[in-house]
Structures are given as structure tokens and as C-alpha cells.
Amino acid sequence: FPQDHIRNFAIIAHIDHGKSTLADRIMEMTSTVSDRESTAQQLDDLAVEKAHGVTVKSKAVRNYYIDDQHDEYQYNLIDTPGHVDFNYEVSRSLSATDGVLLVVDATKGVQAQTVANFRLAKEAGLTIIPIINKIDNQMADIQKTTEQLLELEPTFQTDQILHISAKSGLGVDQVLLAIRDQIPAPAGDIQAPLTALVFDSKFDPYKGVIAQVRIMEGQLSAQTKQVFMASQVASTNKEVGVFTPEPQALQTLRAGDVGYLVTGVKNPDSIKIGDTVTNEIMPAKQPLPGYQEVEPMVYAGLYPKDTDYKEFKTAIEKLALNDAAFHYEPEQSEALGMGFRGGFLGIFHLQIIRERLMTEFGINVLTTMPNSTFKITLKNQNEPVYVENPIQFPDWSKISLVEEPYVHAKITLPNEMLNDIMRLAESRRGILEDLDTLGSMVVATYLMPISEIAYDFFNELKSVSHGFATLSTESADYNYSDLVKLEIAIDYANIDALTIITHRLKAERIAQNMVTKLRDLVPRKLQAMPVQAIVEGRVIARENIPPLRKVAAKGTKVSKKQQQLRRSGQAKVDIELPQAVFDAILDLG
Ligand code: GDP
Ligand code: MG
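Residues numbered from 1 in each chain as written. Chains lettered and ligands numbered in written order. Predicted model: local features only at pLDDT ≥ 70, side-chain atom pairs only at ≥ 80, totals over all residues. Heavy atoms only, no water.

The next thing to look at is the overall build of the protein. Of the regular secondary structure elements, the protein holds 14 helices and 31 strands. Out of the 589 residues in the protein, the part that is buried amounts to 55%. Sequence separation of 24 or more characterises 70% of the internal contacts of the protein that already satisfy a separation of 6 or more. If you sum the accessible surface of the protein, you get close to 26100 Å²; carbon and sulfur atoms cover 49% of it. (Helix = DSSP H or I, 4+ residues; strand = E, 2+ residues; numbered from the N terminus. Buried < 20%, exposed > 50% of the residue type's maximum accessible area, 1.4 Å probe, protein only. Contact = heavy atoms within 4.5 Å. Areas by Shrake-Rupley, 256 points an atom, 1.4 Å probe, with all protein chains shown as cover.)

Here you go:
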């Protein structure tokens, strides 16, 4: 296929503005998907994406477009995820494209995610085609939406903005022409040494690691001896091809093409998204720019409920291959046994991993309270230690300084909601750094601890702003925080999996909440059991779990003797902790 007849593009939009519907229409109007095969929303194929109504994984589909001159073009449509937790994936899929369709719902106008996605595309230097969608809807306000688009990008021309109904297909032919006329054909020399950007990968039980790539320079065929430059893994390519959206094998992928590789690599651990593939015999001198290890924001324990550890481990490895932002390492808990400490981009990401373990692997996992990394300087020591697991948080008497990671949280929101959002950010220890207006929208940047963002901040932001605000974060340095370790003892035995690190000012309220919830949720025993919350050696909250039935007239009182026995001996934990316990604690905020 001649390179000047190839276009690589993505669709970006605020959620529900019609990205998937437009993608379906484009696939229908090119020869990709026949009407008969066409089911709603072809690209969202993971069960979890359906459940959340968002696209989690990026994916590329090759389409063939025959234009008004009967010329045939190859249109590679690269799908991008729609949720804020996955902004890093949006950037990465965008780096495989040369242009984007910016879709705005005429009944809603420019919304926060429109702005955030627009920025990412602009930063990546891509051609942007503005499109107003849902013009068939009675509530459509094309005039106002146009004004908002011009505020967003003053260089847009009014007559350049396309008006469509992705639902009926009205105006979509103009979109197909605009892609041909405005988005540049990919550059890249077919004869140059191979460089291919891995923008997605997944594990197939029979074929091993399958990577999705954009070929920047050179070419790649089955049997090519290839090297993944960042991970230093070499293999012989088994197959190259494209998604149409069904996988279709090809002889060769060339500069400008987007497609998949059956890498011949069996270890799901060894290939990273963002890596550069080159040819072992004629290697490129430099990997492609922009390879960035994604740093997790929060960590939580993951423990299998009724699956054996080995099977669980295999599932975790496969998931990590498919999701570069998910990190893990083995961890052990007295209360929960063998498991993993997972690293995540946020709580939503943690939920997605949990659901994917369930739907794709049939594994029910128990997750502990998430936290960020702590940087701790001990007394009489210069080098700080980094702790990701609250259990390893040192004794308070040994600590001279505790710091935690902060982020610059950029919140994009409609003007009139500023007061409410400011109140919310300040309650989460946010410090206002910058305030910027963008037409009817405001961009407020706060310096905030990651831990405050991790606990449901995004959901609260959504509810306070009725879905109108978006959040993007950029990491900042570690900063001092007055954090304390809050431990829970049930029947005088310390329950390691319930240890959390919290701000001193919030400790008492959280402790009271925790013991109350544990009193109600921990399965009862024959004897009454005290639940204590302990900070720096002091019990700051306490409740009793009542006995199954009244044992003695004394009711729920724990006997002195039993108490001493527990205290002196190595109190054993034999308490079952249902997920409800952890869920209840997660709610504490
Ligand atoms: P996405 O979240 O951006 O992928 O949005 P979807 O494509 O899933 O569309 C969200 C909703 O808007 C769905 O109920 C669509 O049927 C509806 N929708 C999409 N395009 C149009 C359109 O042109 N007109 C009307 N009336 N509804 C549309
Ligand atoms: Mg969608």
C-alpha cells in the first residue's frame, strides 16, 4: 500500500459524546465491518469495558476507504481509552497516530475531558479535526458548541468544523474526506533500520505475547529476528498482521503501518508497552523517544480467596503484560496468607484489575486498603527508607521524618463550580498553585498528597461537579506530612492486613469508624472480642464484638484472665476477614 495513501488517526472525546458510535459508523462506511456483522460498539471488547462503559485498552483497526475519485486509502483507526485514570494510555496511543478527530456533543458542548484530550493531542503535535456530533438531537446547540471550540483553539476555522450525526451517519462522509485531506500521511523510510513503537500488548495462551505496533521506520515480517530495545529481549517473529477487526496475517508491516506482531516471546513479563522493536541484524541506533515507565500512585495487597497461589500468580503475570501501569510483587500477610502487593494508577484502576481477575480468570480477590509510598527518615540515619506496605512502617519512636508523594492535580471545571471544587480540594489538603481560565472553563492546579487523591477523590469530584470536572495529575516531589500508623487488634491480636497509615488529624475519626464497622462485620465467636485501634502505643478507639450467644451473665465483657493470656502469649489470629471488612474501610475517605 503506498505510504501516501495511509492515514493513522484516533477519535478523542468527553465520555458519551459519541466516540464509539462514530468509530462504528466509520468502520461500517469503509469496508471493514459488514452491516450484518456490525454489533454496537465493536471496539469495546473486554467485559470490564462493557461493564464500565469505558474503553480501557487501546486497539487499532485497519479500514479501507474508497474516496470520491475511486482511490483506495488505508485508514488505521486507533482506539483510545476514555477514563482519566488512563490518560497515560491516551498519550501512548496518540503517539501511534498522525491526527485526531475531536468529537464534541452538540447537546453538552465542550466538557472537561474534551479539554484534557485536546491538550494531549496538541502536545503531541497532531492534526486536530473538530467535529460537532448529535446534530440530529433537538437539544443540539451548534452555535454555542462552535463558540466553545473556537475558545479552545482560536486557530480552528468555523467552516472547518464538521457537523455530524454519528448515530444516523449524517455528515460522516465529510469526516472520511477530512481524514484524507487534513491528516498527513505517515512519514518514515521503508529502507531505514526498523523502529516500531509497541503501544499495546497482550498474552495469548497459544501464541504467547502479541504486541500492537506502529512501524515508524523500516519493515518487519514473520521470521524477522527482532529485539525489544528497552527490555533487551530478542526473538524470532512468528507472524505479523492487522486487525480488521479480526486478526488477519500479512507478509510484511512497513513504515507507516499499524498492526500486530506475534512476538514468539512466551514470558508475559518480558515485553513492555512503550518499548521499541528493532531488527537484530540491522538495529536502529536509538530507541524511539517517549518511553516512560509508568509509576503507580497507590499500592494495595491482593489475596486470592479460593484459588491456589500458583494459578493466581499466573493470572497476575498475564494481566501485568496487558497493562503496563499495573505493577506487582509478592507479599505475605499473617491474616491473609500469600499474595501480592499491587501498584495502581488509582482506585478505579484497582477496581478494574479486580474485575478483570474475576471476569477473565475467574479469580475472586480480596484487596486491602490502598496507600501511597512513604519516605521515612529514621533517627540517626541519613538515608531515607521507602515503604509501600503499612506493615513495614517503622515504630514511631524510631522515626524523625515522614514524607509522602504529592502531585500537581490539574482540575478542569466549569467556572461556576469553582467554589465547591476549592472546598473539596482544601479538605483533601490541597494547596492552590495555579488558576487559569479557558473560556467558560477553569483549570485549577493543586499540590496534593497522592494518598488524598487515591481515596475516592475522583468520584467525589465527579459528584460535586455533576460529572463536569476532570482531573489529570503530574507527579511532584515528596513532602512532609504528619502521618501515623494506625493498627487494629482484634481480641488482642494485631491484624496486619488492617494496618493503615493516615494523617494524624484524621486518625481518631477513622479509628472510631473502623472499630465500629469491624464490630458489625467481623464474624462473631463464642466469646466477646474487643476491637482496638492503636496509634503510637495508645488505644484511641475501642468496641466489643458481641459473642454468638450470651455465655455468662456478664454479657459481652472479656474476662481479665483471657485478656492476660492473650497479652502474654503469642496471640494467634484465627479470624476470618471478609472483603466487606476492607470495602467498609475503603469507604472511610
Ligand atoms: P462514547 O462514550 O464517546 O464512546 O459515546 P457513545 O458512542 O457510546 O455514545 C453515547 C450515547 O450517545 C449513546 O447512547 C449513543 O447512542 C448516543 N449518540 C452517539 N452519537 C449520537 C448522535 O449523533 N445522535 C444522537 N441522538 N445520539 C448519539
Ligand atoms: Mg465508548
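Below, the discussion takes up the packing of helix 7 (residues 309-322) against helix 8 (residues 347-361). Where helix 7 meets helix 8, the closest approach of the two axes is 11 Å, and the angle between their N-to-C directions is 115°. For the pair helix 7 and helix 8, the crossing hand works out as right-handed. Residues Phe312, Ala315, Ile316, Lys318, Leu319 and Asn322 of helix 7 form the contact with helix 8, whose own contacting residues are Ile353, Arg356, Leu357 and Phe361. (Axes fitted to C-alpha atoms, helices over the stretch in contact; angles between N-to-C directions. Left-handed = near helix turned anticlockwise from the far one by under 90°.)

Below, the discussion takes up the packing of aromatic side chains. As enumerated under the stated definition, the model contains 12 aromatic pairs in all. Seen from their ring centres, tyrosine 328 and phenylalanine 340 are 5.7 Å apart, and the 85° between their planes marks the pair as edge-to-face. One end of the pair, tyrosine 328, is in strand 18 (residues 327-333); the other, phenylalanine 340, is in strand 19 (residues 337-344), and 12 residues separate them in sequence. One aromatic cluster is present, built from ring pairs that chain together Tyr309, Phe312, Phe326, Tyr328, Phe340 and Phe344. (Phe/Tyr/Trp six-rings, centres within 6.5 Å; stacked < 30°, edge-to-face > 60°.)

Turning our eyes to something else, we now look at the packing of helix 9 (residues 418-427) against helix 11 (residues 457-464). Orientation of helix 9 relative to helix 11, taken along the N-to-C sense of each, is 160°, at an axis distance of 10 Å. When the interaxial angle is binned, helix 9 and helix 11 end up roughly antiparallel. The handedness of the crossing between helix 9 and helix 11 is right-handed. Contacts from Asp420, Ile421, Leu424 and Ala425 of helix 9 reach helix 11 at Phe457, Glu460, Leu461 and Val464. (Parallel < 35°, antiparallel > 145°, perpendicular 65-115°, else oblique.)

The next point concerns the confidence of the model for the protein. For the protein, the average pLDDT comes to 85, and 88% of its residues sit at 70 or higher. Scored below 50 in pLDDT, residues 33-58 makes 67 contacts in the model with residues more than four places away or belonging to other chains. (pLDDT = per-residue confidence, 0-100.)

Now for helix 12 (residues 504-521). End to end, helix 12 covers 25 Å across 18 residues, agreeing with the expected 26 Å (1.5 Å per residue, within 8%). The principal kink in helix 12, of about 25°, is found at isoleucine 510. For helix 12, the set of buried residues is Lys506, Ala507, Ile510, Ala511, Met514, Val515 and Leu518. (Expected span 1.5 Å × (residues − 1). Bend = angle between axes of the 7 residues up to and from the residue.)

Strand order in the open sheet formed by 4 strands is 18-19-17-20, and the pairing between neighbours is antiparallel. Edge strands, defined here as strands with exactly one partner in the open sheet, are strand 18 and strand 20 (365-367). For this sheet, the mean angle separating the axes of adjacent strands, direction not counted, is 35°. Bridge analysis of strand 18 against strand 19 gives 7 bridges, and the strand direction is antiparallel. Opposite glutamate 329, over in strand 19, you have arginine 341 as the bridge partner. Contacting strand 17 (298-304), strand 18, strand 19 and strand 20, helix 7 crosses the sheet at an angle of about 10° to strand 19. Contacts between helix 8 and the sheet are confined to strand 17, strand 19 and strand 20, with strand 20 contributing the most and set at about 165° to the helix. (Pairing = 2+ DSSP bridges.)

This part is about the pairing of strand 25 (residues 441-449). Judged by how many residues are buried, strand 25 sits mostly within the fold: 9 of 9 residues are covered. Residue alternation in strand 25 divides its side chains into two sets, Met441, Val443, Thr445, Leu447 and Pro449 and Val442, Ala444, Tyr446 and Met448, and both sets are buried. Across 9 bridges, the pairing between strand 23 (residues 399-414) and strand 25 is antiparallel. Of the residues in strand 25, the one forming a bridge with isoleucine 411 is alanine 444. Examined bridge by bridge, strand 24 (residues 431-438) and strand 25 share 7 bridges and lie antiparallel to one another. Bridge pairing in strand 25 places aspartate 434 opposite threonine 445. In sequence, strand 24 turns back onto strand 25 through a hairpin of 2 residues, with glycine 439 there showing a positive phi of about 65°.

Now for the side chain of threonine 263. Tracing the backbone shows threonine 263 in the loop between strand 15 (258-262) and strand 16 (276-279). Setting aside chain neighbours within four positions, we find threonine 263 in contact with Val209, Ala211, Gln226, Phe228, Ser235, Thr236, Asn237 and Ile271.

Let's shift gears to the UniProt feature "binding site: GTP" (unreviewed entry) in the protein. The UniProt record marks Asp16, His17, Gly18, Lys19, Ser20, Thr21, Asn133, Lys134, Ile135 and Asp136 with the feature "binding site: GTP" (unreviewed entry), using the residue numbering of this structure. According to the relative accessible area criterion, glycine 18 is buried, its value standing at 10%. By relative accessible area, threonine 21 is classed as partly exposed at 25%. (UniProt positions renumbered as here; feature names shortened; annotations may be inferred.)

Within this structure, the stated rule accounts for 21 salt bridges. A salt bridge links arginine 180 to aspartate 181; its shortest N-O distance comes to 2.8 Å. For arginine 180, a relative accessible area of 16% translates into the label buried. Each of Asp67, Asp68, Arg180 and Asp181 takes part in one network of salt bridges that share partners. (Salt bridge = Lys/Arg side-chain N within 4 Å of Asp/Glu carboxyl O.)

Further remarks concern the environment of arginine 538. Looking at the secondary structure, you find arginine 538 in strand 31 (residues 538-545). With a relative accessible area of 55%, arginine 538 lands in the exposed category. Along the chain, arginine 538 and leucine 486 lie 52 residues apart, while their C-alpha atoms are 9.9 Å from each other.

Within the secondary structure, glycine 362 sits in the loop between helix 8 and strand 20. Sequence spacing of glycine 362 and phenylalanine 312 is 50 residues, and the spatial spacing of their C-alpha atoms is 9.9 Å.

The subject of this paragraph is the environment of glutamine 160. Following the sequence through the fold, glutamine 160 ends up in the loop between helix 5 (142-152) and strand 6 (162-163). As for glutamine 160 and alanine 178, which are separated by 18 residues in sequence, their C-alpha atoms are 9.3 Å apart. Every residue in contact with glutamine 160, bar those within four places of it in the chain, is listed here: Ile128, Pro130, Thr155 and Gln182.

Here we come to helix 1 (residues 19-29). Here helix 1 lies mainly inside the structure; 8 of its 11 residues are buried. Of the positions making up helix 1, those classed as buried are Lys19, Ser20, Leu22, Ala23, Asp24, Arg25, Ile26 and Met27.

Our focus in this paragraph is unusual backbone geometry. Not every positive phi belongs to a glycine, and lysine 134 is a case in point at roughly 65°. Looking at the secondary structure, you find lysine 134 in the loop between strand 5 (127-133) and helix 5. Even without being glycine, asparagine 380 reaches a positive phi, approximately 60°. Relative to the assigned elements, asparagine 380 resides in the loop between strand 21 (374-378) and strand 22 (385-387).

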